[in-house]
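One letter stands for each residue in the lines below.
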Amino acid sequence: MALEDICRFKDRHHKWFPFSSLEDTDTSLYMMDYFNLRWRGLRTSEKNSAIPLDFFTPPSANSASFCLPNHSTTVRRPFPLSHGTTTLGFIFQGGVIAAADTRASAGGLVACPAVHKITPIHSHLVVTSSGSGADCMLWERILTREIRLYQLRHRRRLSIRGTAKLLSFMLHPFKGTEVCVALTLCGWDKEAGDCAKDLEDSYFMSDESSSADVTRITDSTSPKSGPKLIYVCSDGARLQGDIFSVGSGSPYAYGVLDGGLKWSLSKDEAISLAREAVFRATHRDAYSGNNVDLFHITAQGWSQRKREDLKEEYYRDMEKRSKDRRGKIKRE
């Protein structure tokens, strides 16, 4: 799809169907003719900064009888699902720390004990996800594709704030629907000149005529280098801060972070604090648990620590408590 968009393949036989469930009247559903395998360039909306808003569907012999679902009626699930997770991110003098548990829950069922809730988007950006697992995976892939397209077109990486704005614009039309996505962007912005230099040898550019009508989605102000932490959810909200924790275990994680987070923390202290926060949250929250994943993002890029089993952290905590009790008894 990326190469098709850049090469601007034309399709002479196509049908347009209005996508009435979205508020933007410029949004339409594009269906490919059954006997034509060529794609047409993405159509964009002038109201939303020319973001691609076409929805592609696979060819079908019965495409003429295709019927759009009625989003006004909600389909009831056979049983209620409760989402639960613990993700966190914070900024300190050594960069950005992102941590999360690995348990995927569906109500009272542990659907998977070893999922990846932290996804690398590029060398200087990772995303922590909470909400519906399928929705989060889909929008992470869409975000990765759009950032890659931006690099191909402009020979520089989109800033973290620009990435958050793009994601917010794409999610806003789904406000009020069943889409459940809460992503925290943890990254490091480099200078625009450094980004262009890094991409010069590794990426190619589309021709000038192709890139002329592409809208540059960037920040209203010039991006500044340094750590960035931005929260984006499925209703289009976008918040920037120094500390975020999302999920059912976030109140417990905040309790640990608020008591121990300082700007002057060393790398080892920050890693220990993040691991402790996730451990305390999983100990109190039944929907979080199993393991902890941890990423450290600096100006050189992200690095991932080896996945740690939280039961080992529990045993270390119990041993520490027993030593403290023995020391207290000896003093008495």
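Further up the page is the structure itself.
Residues numbered from 1 in each chain as written. Predicted model: local features only at pLDDT ≥ 70, side-chain atom pairs only at ≥ 80, totals over all residues. Heavy atoms only, no water.

Points about the overall build of the chain
- Within the chain, the regular secondary structure consists of 8 helices and 16 strands.
- In the chain, which comprises 332 residues, the share counted as buried stands at 43%.
- For the chain, contacts bridging at least 24 residues in sequence account for 70% of all contacts bridging at least 6. (Helix = DSSP H or I, 4+ residues; strand = E, 2+ residues; numbered from the N terminus. Buried < 20%, exposed > 50% of the residue type's maximum accessible area, 1.4 Å probe, protein only. Contact = heavy atoms within 4.5 Å.)

Brief notes about the nonpolar core
- Counting residues in hydrophobic clusters, the biggest one holds 23 residues, and the most contacted among them are Trp 139, Leu 167, Met 170, Leu 183, Leu 185 and Val 232.
- Among the elements of the structure, strand E9 (125-131), helix H2 (133-154), helix H3 (160-171), strand E10 (181-189) and strand E11 (226-233) are those that each provide at least two residues to this core.
- Counting 20 residues, the second-largest nonpolar core is a separate cluster that includes Val 256, Leu 257, Ala 281 and Leu 294. (Core = buried A, V, L, I, M, F, W, Y, C linked by side-chain atoms within 4.5 Å.)

Digging into helix H7 (residues 267-284)
- Helix length check: H7, at 18 residues, gives a terminal C-alpha distance of 26 Å against a target of 26 Å (1.5 Å per residue), a fit within 8%.
- Those residues of H7 lying buried are Ala 270, Ile 271, Leu 273, Ala 274, Arg 275, Ala 277, Val 278, Phe 279, Ala 281 and Thr 282. (Expected span 1.5 Å × (residues − 1).)

Here we look at the packing of H2 against H3
- Closest axis-to-axis distance for the H2/H3 pair is 11 Å, and the angle between their directions is 125°. Viewed along their axes, H2 and H3 adopt a mutual orientation that is oblique. H2 and H3 meet at a crossing whose hand is right-handed. Counted together, Trp 139, Ile 142, Leu 143, Glu 146 and Ile 147 of H2 and Thr 163, Leu 166, Leu 167, Met 170 and Leu 171 of H3 form the full contact between these two elements. (Axes fitted to C-alpha atoms, helices over the stretch in contact; angles between N-to-C directions. Parallel < 35°, antiparallel > 145°, perpendicular 65-115°, else oblique. Left-handed = near helix turned anticlockwise from the far one by under 90°.)

Details of the pattern of salt bridges
- Counting across every chain of the model gives 7 salt bridges.
- As a salt-bridge pair, Lys 323 and Glu 319 come within 3.7 Å of each other at their nearest N and O atoms. Residue Lys 323 and its partner Glu 319 are located together in helix H8 (residues 310-331), separated by 4 residues, close to a single helical turn.
- The class of Glu 319 is partly exposed, set by a relative accessible area of 44%.
- A cluster of three or more residues bridged by salt bridges with shared partners is formed by Arg 275, Arg 305 and Glu 308. (Salt bridge = Lys/Arg side-chain N within 4 Å of Asp/Glu carboxyl O.)

Quick notes on the side chain of Ser 288
- For Ser 288, the location among the structural elements is in the loop between H7 and strand E14 (291-298).
- The buried category is assigned to Ser 288, whose relative accessible area is 1%.
- Polar side-chain contacts of Ser 288 include one of 2.7 Å to the side chain of Asp 285.
- If near-sequence neighbours (up to four positions away) are discounted, Ser 288 is found in contact with Thr 85, Thr 86, Asp 101, Arg 103, Ser 248, Gly 249 and Thr 282. (Polar contact = N/O pair within 3.5 Å; in protein donor to acceptor, adjacent residues only side chain to side chain.)

Re the pairing of strand E15 (residues 301-304)
- Of the pairings in the sheet, the one linking E14 to E15 comprises 4 bridges and is antiparallel in character. Pairing of Ile 297 across the sheet is with Trp 302, part of E15.
- From the end of E14 to the start of E15, which pair antiparallel, there are 2 residues. (Pairing = 2+ DSSP bridges.)

Things to note about the pairing of strand E8 (residues 118-122)
- Here E8 pairs with E9 via 4 bridges, running antiparallel. Its bridge partner being in E9, His 122 is matched across the sheet by Leu 125.
- Between E8 and the antiparallel strand that follows it, E9, lie 2 residues.

Side note on the sheet that holds E9
- Read across the sheet, 5 strands follow the order E8-E9-E10-E11-E12 without closing on themselves; strand pairing throughout is antiparallel. Lying at the two open borders of the sheet, with one neighbouring strand each, are E8 and strand E12 (238-240). Geometrically, the sheet is characterised by an average inter-axis angle of 25° between neighbouring strands, direction not taken into account.
- Running at roughly 155° to E9, H2 makes contact with E8, E9 and E10 of the sheet.
- Of the strands in this sheet, E9, E10, E11 and E12 are in contact with H3, which crosses E11 at around 5°.

Remarks on empty space enclosed by the protein
- Applying the stated rule across the entire model yields 2 cavities of 30 Å³ or more.
- For the second largest cavity, the calculated volume is near 50 Å³.
- Taken together, Ile 271, Arg 275, Val 292, Asp 293, Leu 294, Arg 305, Lys 306, Arg 307 and Glu 308 form the lining of the second largest cavity.
- The set of elements that each furnish at least two residues to the lining of the second largest cavity consists of H7 and E14. (1 Å grid on protein atoms, 1.4 Å probe; cavity = no way out; pocket = protein on both sides within 12 Å on 5 of 7 lines; lining within 4 Å. Points joined across faces, edges and corners; volume = space filled by probe spheres on them.)

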